[in-house]
Amino acid sequence: MDSKPSLNLVLAAVSALYNNPNTTEKERASQWLGDLQKSVHAWIVADELLHHKRDLESCYFGAQTMRTKIHHSFHELPTDAHESLRNSLLEHIAQINEDTNTVIVTQLCLALADLILQMPTWQQASLDLINRFSRTNMWPLLEILTVLPEELESRSVRLGENRRVAMLEDLKSCAGTVSEFLSHCSNSYGENWHENVQVNVKILRCFTSWVSVGAITLGDVANNVVVARAFTILNYKADDKPPCVVGALHDAASDCICTLLQCLEDNNNQQILETYLFNNVVNLEIVYHLSVANEDQEKSINYCRIFTELAESFLEKIITSCSAKSFHYAIKVLDLVLMCVGHHEYEVAEITFNLWYVLSEELYQKNSKELTELFRPYVERLITALCRHCQMEPDHDGLLEDGDDFKDFRLKVSDLVKDVVFIVGSSSCFRQMFVNLQAPGVTWDSSEAALFIMQAVAKNVLPTENEVVPKVVEAILNLPENTHIAVKYTSVLLLGELCEWIEKHPQTLDPILNFLVCCLPQAGVGAAAAISLQSICATCNDHMPRHVPVLLQLLQQVDTFAITNNAVIGLVKGVAAIVGCMPHSELTDAMRKLCLMQVNPICQLIEQDVVPVRGTKSDPVLWLDRLSSVFRNVNVKAFEGQVHPCKPVIVEVWPVISRTFDKYQNDLRIMERCCRSVRFMLRCVSQQVCDLLQSLVGQIVRIYATFKHSCFLYVGSILVDEYATDPSCVQGLLDMLQAFIEPTFQLLQEENGLRNHPDTVDDFFRLCARFMQRAPVQFLQCGALVHILQCSLMACTLDHKEANTSVMKFFYDLINTGKCGKNHVDYEQRKVLVTSILNEYGQQLVTNLLHACVFYLHSYMLSEVADVFVELLEFNREATGKWLANGLDTLPKQNNGGIMSATPQQLGDIHGSMTRSDTSKSVTYALKDLTRFYR
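The numbers attached to residues start from 1 for each chain and follow its sequence in the written order. Selection of residues for local features in this predicted model requires a pLDDT of at least 70, selection of side-chain atom pairs for listing and counting requires 80 or more, and totals for whole chains, interfaces and linings are taken over all residues. Only hydrogens and water are set aside; all other atoms, that is, all heavy atoms of the structure, feed into the side-chain values.

**Some details on the overall build of the protein chain**
In step 1: For the purposes of this entry, the term helix denotes a DSSP run of H or I that reaches at least four residues, the term strand denotes a run of E that reaches at least two, and both are numbered from the N terminus. Helix and strand counts for the protein chain come out as 46 helices and zero strands.
In step 2: If one aligns the C-alpha atoms of the protein chain with their principal axes, the spans along those axes are about 90 × 80 × 65 Å.
In step 3: Of all 935 residues assigned to the protein chain, the portion counted as buried reaches 54%.
In step 4: Within the protein chain, counting contacts between residues at least 6 apart in sequence, those at least 24 apart form 74% of the total.
In step 5: Carbon and sulfur atoms form 49% of the exposed surface of the protein chain, whose accessible area is close to 41100 Å². Only protein chains enter the accessibility calculation, which uses a 1.4 Å probe. A residue is then buried if its area is under 20% of the maximum for its type, exposed if over 50%, and partly exposed in between. Only heavy atoms enter the contact rule, under which two residues are in contact if any of them lie within 4.5 Å. Calculation of accessible area relied on Shrake-Rupley with a 1.4 Å probe; when residues are assessed, cover is drawn exclusively from the protein chains displayed.

In structure tokens form, the structure reads like this:
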């Protein structure tokens, strides 16, 4: 946007965005306003809109634009404009009254908070705001004081660690005044807090915000009026409806106490505060029971949150102080948490799950039988309560549906039980659930819940167990016809989880297989039968080859059963695993039958020119996925020099795959699945299908030149991995690479090409890395290497996880090639080639990597970059040290607002840490330290 638009034009666009019924006009207005917000003119336009106050929409747009500009584009303003911007914002905030829309107030307060963070010349801004607004504009003042620490903590504004530390010190210097101000407010509005709900919510939120960042320290909290007020609100027992504690106020009080407990966990030397909080939280038991009696679930959830936070903050002390002779006084809190787990609503119990995970992890690490035994009764009560929560409604027909909240909860319970069951013992838990099943008058829903818990722990039951498991298996095999479908479904899944036990008891295999095969055609239960058959096939494959004919016959009919394609794929995987264990003389024929079941339908689709419909039998993807599962899961033990028994089958299958490539070459989804099938075919027989190479390479190169599907690059990388160690194949594979390069670079050299095509980047550099691993000298001498290196240097900044990982792996392998395998004949040649490359590109590589870490990559991506630095250091520590010094020197020393990014001393420390490092972990820490100065 070249020139500033008139205010009337902006108002018209805002009106069109919010009020024009024409969708096209709305989209045009949205696009235009978006462009305006990105332009430098947005600063003045936003200010004018806020001054004119034409209507709600224009004021909101003005406030939101102002906040966005300060947040993301503060560098556009010259330093001498900061003060006038501050004065303008303060003027707008001074005009806020009780009729001002809340959203506008929030945006203006966020804008001012972000300005304070980025304006180092405005020191102790909190005190200025209190002096200016405490008597006239309480609402926006409390809002600004709340969002200021939140914005500092959120790291959404790129401040850098130095400014962040300075800003926190600034807040600490104001904390005494802020605390006094909040106490004064609480005393002024607190006596009748149920009549001044909104202002009390804001006081609590503000106090919580300052405590959360550590501005108000824990030592000043025990006698604080605001904390006392929070407990008063939480202890409120009024039975009458008016006055009542409004939900938002109860939430704010709960958040305040939870935040204090979290801070206490991180700073546990505050004995006075610890005792104060413990006593006051324990006293909330009475009001928790009242909330349960009044069916006030929101309050029950809040009390549960507080009890759980208290338990987490004391957990380390509880564990380290407990012994058979004495318990830590705070262990009582586990009873409070279990009381909440016993709440009739499962949402309350779910809040406590993280506590139990932490407890189980601590006990597992301690590995003390005596200590584990002390906590056994608590976990037994937990599992009993969770089993009850897992019960379906007694009048529920059918099965739980995917996406159902209760089904998701049960899956979380299953994961939790698997984690904590070692504390009570899997066999003990399994036995207790079996006892529950045998209770007199047991209902179907409680039976199903017990079976569900048994299913969670079944894999941990010792395969030698001969007391309970045989009875359970026998009971499942003899379930009556009128058994509720949910009970049958869970029972069938339980059989699959007992696969390791079944493998040690082969006499049970035939009746179990017969039972599961009979279950397959049954609606609902069939899916569970397929899952269990897959597990049993995979685990018991030594006992299974004699069942292959029956299983192949079953697969022929499987599409007539009411089970999903994923369940069918599971069955195919299981059968393929068994086929792989067959004698080679029988294996080829079984493999052929298994593959033809998937290949013949594809032939029919091609011959009949059927239009694919996703997810149906007319979709080639359905059959290709099954074919991939066959080749992926048939693990054959073939000896060197022996013809792989799957080779004849692959030679027969390839022509059909080739026809599929040609028929559907413009359909990316089908091409990806075709390539996946080829990948597993090649992996299955390794280097034994050289005859297919010329045909395969010619076809993928031809189609890639037209459609640029990146999956063909991936197939290329598999071919290189398998065949580039054969000298007779190397030149052909290099020709394939050369043919791939032109269309690849056409795509990546488009505007935003790297960002728009991360899959291509990922697959292309994986292909190059495979060459480096398998035929390094030939690859390093190829004519295309210069272009590949230039592209890789630009791709350093790509913030796509998989794509960036492939680029870093390429650099890693490039450098590693020059220093590994010193006893190999070509070592000196490789070292010379790599040294030459690094002499030319080493400085650019190091600088690009540093800039990528600081300005582009997520922190979780830095470990791969660190791997490259370690290789560089090991290859030539002295040269890498110089490149690092030069690269660090190119980083900005301060931003446009005058905020210091990193001092020379800090950059020197980073340089020292990195150059001394020998491990990826230590370099990753140094890179993370570096990025903090700029974020």
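**Here we look at unusual backbone geometry**
In step 1: Phi is positive for Lys53, which is not a glycine, with a value near 50°.
In step 2: Residue placement: Lys53 occurs in the loop between helix H3 (42–52) and helix H4 (56–72).
In step 3: Residue Asp609 is not a glycine yet carries a positive backbone phi of 55°.
In step 4: Relative to the helices and strands, Asp609 resides in the loop between helix H30 (584–607) and helix H31 (620–633).

**Concerning the environment of Trp883**
In step 1: On the secondary structure map, Trp883 appears in helix H44 (residues 877–889).
In step 2: Counting along the chain gives 765 residues from Trp883 to Gln118, while the straight-line C-alpha distance between them is 32 Å.
In step 3: Once residues lying within four places of it in the same chain are set aside, the contact partners of Trp883 are Leu838, Gly842, Gln843, Val846 and Leu872.

**Concerning helix H2 (residues 23–38)**
In step 1: When the terminal C-alpha atoms of H2 are compared, their 23 Å separation across 16 residues agrees well with the 22 Å that a helix rising 1.5 Å per residue should span.
In step 2: Residues of H2 that are buried include every one of Ala29, Leu33, Leu36 and Gln37, and no others. Buried residues of H2, viewed axially, fall in a sector of 95°; they line one side. In H2, those exposed residues whose orientation departs by more than 90 degrees from the buried face are Thr23, Glu27, Arg28, Gln31 and Lys38.
In step 3: Residues of H2 that are buried make contact with helix H1 (7–19), H3 and H4. Here the expected length of a helix is defined as 1.5 Å per residue gap, with one fewer gap than residues. Arc definition: it is the arc formed by the directions from the helix axis to the C-beta atoms.

**Notes on the UniProt feature "domain: Importin N-terminal" (unreviewed entry) in the protein chain**
In step 1: UniProt positions are given in the numbering used here, feature names are shortened, and annotations may be inferred rather than shown by experiment. Sequence positions flagged by UniProt for "domain: Importin N-terminal" (unreviewed entry) are, in local numbering, residues 29–95.
In step 2: Span residues 29–95 is 76% helix and 0% strand, its end C-alpha atoms 29 Å apart.

**Focus: the pattern of salt bridges**
In step 1: When a carboxyl oxygen of Asp or Glu lies within 4 Å of a side-chain nitrogen of Lys or Arg, that pair is called a salt bridge. This structure, assessed with the given rule, holds 45 salt bridges.
In step 2: In this structure, the salt-bridge partner of Asp559 is Arg626, at a minimum N-O distance of 2.9 Å. A residue pair is termed long-range when its members are at least 10 positions apart, and Asp559 in the loop between helix H28 (548–557) and helix H29 (565–579) and Arg626 in helix H31 qualify at 67 residues.
In step 3: For Arg626, a relative accessible area of 3% puts it in the buried group.
In step 4: The salt bridge partner of Glu652 is Arg592, with a shortest N-O separation of 2.9 Å. Here the residue Glu652 occupies a position in helix H32 (residues 647–663), and Arg592 occupies one in helix H30, the gap between them amounting to 60 residues.
In step 5: With relative accessibility at 39%, the residue Glu652 sits in the partly exposed group.
In step 6: Salt bridges here are not isolated pairs; linked through shared partners, they connect Arg683, Asp721, Glu722, Arg770 and Arg774.

**What to know about the side chain of Asp763**
In step 1: Its place among the elements puts Asp763 in helix H38 (residues 758–774).
In step 2: Note on Asp763: relative accessible area 9%, which makes it buried.
In step 3: In the analysis that follows, any N or O atom pair within 3.5 Å is treated as a polar contact, provided that within protein one partner can donate a hydrogen and the other can accept it, and provided that, for residues neighboring in sequence, both atoms belong to side chains. Separated by 2.8 Å, the side chains of Asp763 and Arg766 make a polar contact.

**Overview of a negative patch on the surface**
In step 1: Within the patch definition used here, like charges are joined within 9 Å and nonpolar side chains (Val, Leu, Ile, Met, Phe, Trp, Tyr) within 5 Å, considering only residues with over 30% relative accessible area and no salt bridge. Neither His nor the chain ends contribute to the count of charged residues, in which Lys and Arg are positive and Asp and Glu negative. Charge placement uses NZ in Lys and CZ in Arg. For Asp and Glu, CG and CD serve respectively. There is a patch of like negative charges on the surface, built from Glu265, Asp266, Glu316, Glu361, Glu362, Asp415 and Asp419.
In step 2: When residues of the negative patch are traced back to their parent elements, those giving at least two are helix H12 (247–266), helix H18 (353–366) and helix H20 (405–424).

**Notes on the packing of helix H42 (residues 827–855) against helix H46 (residues 920–932)**
Think of two packed helices as two axes; the pair is described by the angle between the axes and how far apart they sit.
In step 1: In this analysis an axis means a line fitted to C-alpha atoms, helices contributing only their contacting stretch, and an angle means the value between N-to-C directions, from 0 to 180 degrees. Look at H42 against H46: their axes get within 8 Å of each other, and the N-to-C directions meet at 60°. Taken together, H42 and H46 sit at an angle that is classed as oblique. In the packing of H42 onto H46, the handedness of the crossing is right-handed. Contacts between H42 and H46 involve Leu850, Cys853 and Val854 on the former and, on the latter, Leu927, Leu930 and Thr931.
In step 2: Counted by class, the contact of H42 with H46 contains five nonpolar, one polar and no charged residues. We call two directions roughly parallel when the angle between them is under 35 degrees, roughly antiparallel when it is over 145, roughly perpendicular when it lies between 65 and 115, and oblique otherwise. Helix crossings get a hand from a simple test, with the near helix turned counterclockwise from the far one by less than a right angle marking a left-handed crossing and a clockwise turn marking a right-handed one. Gly is put with the polar residues, along with every residue not named as nonpolar or charged; the nonpolar set is Ala, Val, Leu, Ile, Met, Phe, Trp, Tyr, Cys and Pro, and the charged set is Asp, Glu, Lys and Arg.

**A short note on the state of the cysteines**
In step 1: Disulfide: a pair of cysteine sulfur atoms within 2.5 Å of each other. All told, the structure shown has zero disulfides when counted by the stated rule.
In step 2: The thiol of Cys185 is not disulfide-bonded; the next cysteine sulfur, from Cys206, is found 8.5 Å away.
In step 3: On the accessibility criterion, Cys185 (1% relative accessible area) is buried.
In step 4: Cys690 carries a free sulfur, and the closest cysteine sulfur to it, the one in Cys729, is 4.8 Å from it.
In step 5: A relative accessible area of 34% means that Cys690 is categorised as partly exposed.

**Things to note about the environment of Leu555**
In step 1: Relative to the elements of secondary structure, Leu555 occurs in helix H28.
In step 2: Taking the C-alpha atoms as reference points, Leu555 and Arg132, separated by 423 residues in sequence, lie 79 Å from one another.
In step 3: If near-sequence neighbours (up to four positions away) are discounted, Leu555 is found in contact with Leu571, Val572, Val575, Leu594 and Met597.

**Brief notes about the packing of aromatic side chains**
In step 1: Each Phe, Tyr or Trp ring (for Trp, its six-membered ring) is paired with any other whose centre lies within 6.5 Å, and the angle between the two planes then decides the class: stacked below 30 degrees, edge-to-face above 60, tilted in between. With the rule as written, the count across this model stands at 20 aromatic pairs.
In step 2: Their ring planes at 15° and their centres at 6.4 Å tell us that Phe406 and Phe409 sit as a pair that is stacked. One end of the pair, Phe406, and the other, Phe409, are both in helix H20, three residues apart, so they sit about a helical turn from each other. Each of the two residues, Phe406 as well as Phe409, counts as buried.

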